[in-house]
Amino acid sequence: MLKISNYINGSFAEPVSKQYLDNYNPATGTIYSLIPDSDERDVQVAVDAAKNAFSSWSVLPKEERSNHLLKIAQLIEEKIDVLAEAESIDNGKPLWLAKKMDITRAASNFQFFGTAILHFASESHSMENVGINYTLRSPIGIAGCISPWNLPLYLFSWKIAPALAAGNCVVAKSSEITPMTAYLLSEICVEAGLPKGVLNIVHGLGNKVGNAITSHPDIPLISFTGGTQTGKTIAATAAPMFKKLSLELGGKNPNIIFADCDFNAMLETTVRSSFTNQGQICLCGSRIFIEKSIYDKFKNAFVERVKKLKVGNPKDDTSNLGAIVSQQHMKKILSYIELAKQEGGKILCGGNQVILKGECENGWFLEPTVIEGLSHTCRTNQEEIFGPVVTLTPFATEEEALFFANSTPYGLSSTLWTQDISRAHRMADKIKSGIVWINCWLVRDLRTPFGGVKNSGVGREGGWEALKFFTEIKNVCIKY
Ligand code: NAD
């Protein structure tokens, strides 16, 4: 059985404990590889390696850092088939999706930040007849990067690429549920000739490796993507140490549909924004609010489309949905469907586990589920489920839609469907989320600020925001 290794100081290493954790293929329900059960001792070796590497990496001309990142991007592109297959096996997502979205985007992340750093400039502030201030932006040191399981290499690289581009060294941890492409990335880094110690990947559990990273005194900045509860724990650890923090957390995103929308475009995109990646994208719209006058028309058309979605073997090109990432997560989603029933919800379609035939007979699959009849305040509509489950709620007025949309503790993204341009801008201004999509969903420009408000996080990733996060700012004032 394949044993994944840590990647520390440019070499592959066993965990100090010599212990391993099981890694499951969620589509078959079987263990297919072993993950290092690392702890603070492995993190310490990684920190030592990163500290040694920092003195040369941080002063390397940015063109050379850029070349390293572009080489990694090129190798990811060349190995897209292997990486996509690994991602699909590890996570359960359809292979076509891993190829089209996850791996393609991971290469783009390295390309984007590998070139962005060449154009990154700092500011100056002139004081008439007095003097001038200029701003220095320097790499900070060792960045701790921690990522979740839903978009494994995509989100891992979204942190690592800007951290490295800005001249930091990195100690990173991917999710213990989906470590495979992070491991393959370490092989790519060796092939790309990335200097040793610049990037270190330590595999293992959140409460061991993750905690050792966030509490390490020599790691002054933490970039974390994951659940809100974990974000709270990390913030509590990091705050008294005055660490720089970027937290990208959970969501409960509204998808607001007005009667004047382009119905067909909205319907097609709403199916995707509800169920892509089995609904396990932090940006999926899980609360769908529909203007009363088209509620029945939408409900009937949507449910008809959702019933046609195929839940199947992730290897199969015709599968719209693959497996849920773990048995534990599948049970959590099923428990929320039960809760929705207790709260008075009516299941319009789905609601059950899917048992497939053949090699996937023991896999963890769920029907895409649509529920109506719930109040906007019930737990089903307030808590993040993070699965293929959406609720439908009618609204009467723009004000009511806005009120419903803003009624959760979360504020990551939102989607609006209307042809009324004034209303779209009005709503976009008032809605409490970090990202608003109007008449589209998941259209991404990597230069734009990415992140949430309220319990969805602190700080922004993307473009200059990421490069600013990963650099320390200093003002220098000169009197004429
Ligand atoms: P999670 O919080 O359980 O785990 C995320 C990562 O944190 C993993 O690598 C985990 O090992 C690590 N971790 C766990 N406990 C830790 C601790 N005490 N200290 C340090 N690290 C720790 O999240 P998950 O279940 O892997 O991912 C799903 C969540 O991620 C959802 O809530 C989803 O909305 C969120 N998410 C948010 C975004 C975003 O951009 N806002 C993107 C993707 C996913």
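Caption draft 1: Summary view of the packing of helix H13 (residues 398-405) against helix H14 (residues 421-430). Packing of H13 against H14 leaves a shortest axis separation of 11 Å and a crossing angle of 30 degrees. Judged by the angle between their axes, H13 and H14 are roughly parallel. Here H13 runs over H14; the crossing is right-handed. Residue-level inspection shows Glu398, Ala401 and Leu402 of H13 in contact with H14, the latter providing Arg423, Arg426, Met427 and Lys430. Residue classes in the contact of H13 with H14 are distributed as 3 nonpolar, no polar and 4 charged.

Caption draft 2: Here's a closer look at the pairing of strand E19 (residues 389-395). By the criterion of burial, E19 is predominantly enclosed, with 6 of the 7 residues buried. Pairing of strand E14 (residues 285-291) with E19 involves 5 bridges; the strand directions are parallel. By the bridge assignment for E19, isoleucine 288 is matched with leucine 392. Where strand E18 (residues 369-372) meets E19, 4 bridges bridge the pair, whose relative direction is parallel. Among the inter-strand pairings, threonine 369 is bridged to a residue of E19, identified as valine 389.

Caption draft 3: Quick look at the site of the ligand. Neighbouring the ligand are 29 residues; Lys173, Glu176, Thr230, Leu249 and Glu384 lie closest to it. At 2.8 Å from an oxygen atom of the ligand is found a main-chain nitrogen or oxygen belonging to glycine 227. Contributing elements (two or more residues each) for the shell around the ligand: helix H7 (206-214), strand E11 (221-225) and helix H8 (228-238). For the shell around the ligand, a count of residues per class yields 11 nonpolar, 14 polar and 4 charged.

What counts as what
Residues numbered from 1 in each chain as written. Predicted model: local features only at pLDDT ≥ 70, side-chain atom pairs only at ≥ 80, totals over all residues. Heavy atoms only, no water. Axes fitted to C-alpha atoms, helices over the stretch in contact; angles between N-to-C directions. Helix = DSSP H or I, 4+ residues; strand = E, 2+ residues; numbered from the N terminus. Parallel < 35°, antiparallel > 145°, perpendicular 65-115°, else oblique. Left-handed = near helix turned anticlockwise from the far one by under 90°. Contact = heavy atoms within 4.5 Å. Nonpolar A, V, L, I, M, F, W, Y, C, P; charged D, E, K, R; others polar. Buried < 20%, exposed > 50% of the residue type's maximum accessible area, 1.4 Å probe, protein only. Pairing = 2+ DSSP bridges. Near = heavy atom within 4 Å. Polar contact = N/O pair within 3.5 Å; in protein donor to acceptor, adjacent residues only side chain to side chain.

Read these as geometric descriptors, not functional statements.
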